[in-house]
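Here are the chains, one letter per residue:
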Amino acid sequence: MRILAWHVHGSWMTAFVHGPHDYLVPVTPDRGPYGRGRARTYDWPAGAREIAPGRLRDEHVDVVVLQRPEERELARRWLGRDVPWVYVEHNTPPDVRTRHPMADEGGPLVHVTHFNRLFWDNGRAAATVIEHGIPDPGRRYTGELPRAAAVINEPVRRTRVAGTDLLPLFSPVDVFGIGTETLENGQGDLPHDRMLTELARRRVYVHPYRWTSLGLSLLEAMALGMPVVAVASTEAGEAVPPSAGVLSTDPHRLAEAARQFAADPGLARHAGEAARAAALGRYGLDRFLADWDRLLKEVVR
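Small disclaimer: the values here were computed from a predicted structure and weren't measured.

1. A short note on the side chain of D293
At step 1: With respect to the helices, strands and loops of the structure, D293 is situated in helix α10 (residues 285–300).
At step 2: The side chain of D293 is buried and forms no salt bridge, while K297, the nearest opposite charge, is found at 5.3 Å.
At step 3: In this structure the side chain of D293 is engaged in a polar contact, spanning 2.7 Å, whose partner is the side chain of H21.
At step 4: Leave out the neighbours within four places in its chain, and D293 touches P20 and H21.

2. Examining the sheet that holds strand β10 (residues 186–188)
At step 1: On the basis of which strands lie adjacent, the open sheet formed by 6 strands has the order β10-β9-β8-β11-β12-β13 and parallel pairing. The open sheet is flanked by β10 and β13 (245–248), the only strands paired with a single partner. Adjacent strand axes in the sheet meet at a mean angle of 20 degrees, parallel and antiparallel pairs treated alike.
At step 2: This element, helix α5 (residues 192–201), spans β8 (145–151), β9 (173–176) and β11 (202–207) of the sheet and lies at about 110 degrees to β11.

3. A short note on the sheet that holds strand β6 (residues 108–111)
At step 1: The sheet built from 7 strands is open, its strands ordered β3-β2-β1-β4-β5-β6-β7 with parallel pairing. This sheet does not close on itself; its edge strands, each paired only once, are β3 (48–51) and β7 (126–129). Taking the axes of each pair of neighbouring strands and ignoring which way they run, one obtains an average angle of 25 degrees across the sheet.
At step 2: Of the pairings in the sheet, the one linking strand β5 (residues 85–89) to β6 comprises 3 bridges and is parallel in character. Residue Y87 lies in a different strand from β6, and its bridge partner there is L109.
At step 3: Its contacts with the sheet put helix α2 (residues 71–79) on β1 (2–5), β2 (22–26), β4 (63–66) and β5, and the angle it makes with β4 is roughly 145 degrees.
At step 4: With respect to the sheet, α10 is in contact with β1, β4, β5 and β6, its orientation differing from that of β5 by roughly 140 degrees.

4. Notes on the packing of aromatic side chains
At step 1: For the structure on display, the rule yields 9 aromatic pairs.
At step 2: Ring centres 4.0 Å apart and planes at 15 degrees place the aromatic pair F115 and F119 in the stacked group. Taken together, the residues span about one helical turn, with F115 and F119 both in helix α3 (residues 114–119) at a distance of 4 residues.
At step 3: With a relative accessible area of 23%, F119 lands in the partly exposed category.
At step 4: Ring centres of F119 and W211 lie 6.3 Å apart, and the angle between their planes is 75 degrees; on these two criteria the pair is classed as edge-to-face. You can see F119 sitting in helix α3 and its partner W211 sitting in the loop between β11 and α6 (216–224), a full 92 residues away along the chain.

Rules of the game
Residues numbered from 1 in each chain as written. Predicted model: local features only at pLDDT ≥ 70, side-chain atom pairs only at ≥ 80, totals over all residues. Heavy atoms only, no water. Helix = DSSP H or I, 4+ residues; strand = E, 2+ residues; numbered from the N terminus. Buried < 20%, exposed > 50% of the residue type's maximum accessible area, 1.4 Å probe, protein only. Lys, Arg positive; Asp, Glu negative; His and termini not counted. Salt bridge = Lys/Arg side-chain N within 4 Å of Asp/Glu carboxyl O. Polar contact = N/O pair within 3.5 Å; in protein donor to acceptor, adjacent residues only side chain to side chain. Contact = heavy atoms within 4.5 Å. Pairing = 2+ DSSP bridges. Axes fitted to C-alpha atoms, helices over the stretch in contact; angles between N-to-C directions. Phe/Tyr/Trp six-rings, centres within 6.5 Å; stacked < 30°, edge-to-face > 60°.

Here it is in structure tokens:
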């Protein structure tokens, strides 16, 4: 199958392009938001290839995977024809009254979490859920540094949404991601594989997000074998079992849990093993790709 999909969310797209298909990824000279091309900090297989928008009219495309409302019209213009499509919603709605922008389009609407499907007003869209999948990064956990780690992109702009204001509770905490250089102990936007290795050196993973769909960095940290301390919000309660760490809406309980893991390597390692088993059991790449194959075949038919 030949699939047109934009590079919007690096971690999700990395899992998606590991399937057996031919993935066309638009690229523009400025590598702007509608032409980012292949990822530069993730390892993508050869089946994901860059293509200039001007060449798409001459390419056979079976299905378009949309991730932003404006991509539907963009696909029509670039392809010069209508092609079957499916829309992926990565984000939580602003509030429970928000009607999804594709609610009245009649096409398949795929949410990445059950929380998303529940909280969006999906209208008459054929809404379903395909939960995240992650490539197994391997059991890299050493926990050699008695510190916490977090991954937050744009932590200054997204302060309360991402829980950046909660980070001092977990000090010392090393923060990875886009725009973290200005933070105390900010580690910057490292190449993905290197970031995973660095995360695994820290004793505990902290997920302070108040409002997010489900951070893939949380699942990756669990798959590394890290214990988790997370705000009990949105989908986190589904992803993190009690044996894998501590979830709470009480900041003081979260801070105390992080201190306990930092002080007790054995406790941390035991919870991390449970976290790894939970992440791979529910969010394994094979299940994710199989779910997508079933849906895409239905859409193309």
